Amino acid sequence: MVIAVDFDGTIVTHAYPAIGKPIPFAIETLRKLQQEDHHLIILWSVREGQLLDDAVRYCHERGLDFYAVNTNFPDEPVEDGLTARKLTADLFIDDRNLGGLPDWGVIYQMIHSGRALSPVPYGGVEPTKKRSFLDRLLG
């Protein structure tokens, strides 16, 4: 699976343009997803230039190297200084998700198992079962 991951607020706490404090188990979880589960990890960040280089170096120094950075694949051509407008990732991990960023242990279990840990959608409300045409007709 190709997994795109944000940096600020996801791997480290928000301190942009500085690099924030590490979010517990973010780097370790991403390394495990790469090394043991063989997923491709792409860094997908609003950072650019030296700020992006700093984020990539920060992760590299902690043993996390990305398949690609702000592109779909390592050698994707950059035209007029612009990178890919949209990634073809299978999954995005970002603190701006609806419901926020789950704990990295929860993230790992969801990806590793291939399913959400709870069948109840956000808000804690079970979906109502849609009645069949026959039930509505007779009921």
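Structure: above.
Residues numbered from 1 in each chain as written. Predicted model: local features only at pLDDT ≥ 70, side-chain atom pairs only at ≥ 80, totals over all residues. Heavy atoms only, no water.

Draft legend 1. Spotlight on the sheet that holds strand β1 (residues 2-5). If you walk across this open sheet you meet the four strands as β3-β2-β1-β4, and the pairing is parallel. If you trace the sheet from one side to the other, it starts and ends with β3 (68-69) and β4 (91-93), each paired once. Bridge count between β1 and β4: three bridges; the pairing is parallel. Within the sheet, the bridge partner assigned to I3 lies in β4 and is L91. Across the sheet, helix α3 (residues 104-113) touches β1 and β4, and the angle it forms with β4 is around 175°. (Pairing = 2+ DSSP bridges. Helix = DSSP H or I, 4+ residues; strand = E, 2+ residues; numbered from the N terminus. Contact = heavy atoms within 4.5 Å. Axes fitted to C-alpha atoms, helices over the stretch in contact; angles between N-to-C directions.)

Draft legend 2. Seen up close, unusual backbone geometry. For the peptide bond that leads from Y16 to P17, omega is 10°, which places it in the cis range. Of note, P17 is situated in the loop between β1 and α1 (26-35). Despite not being glycine, H38 shows a phi value in the positive range, around 65°. Looking at the secondary structure, you find H38 in the loop between α1 and β2 (40-43). Phi is positive for N70, close to 55°, though the residue is something other than glycine. With respect to the secondary-structure elements, N70 resides in the loop between β3 and β4.

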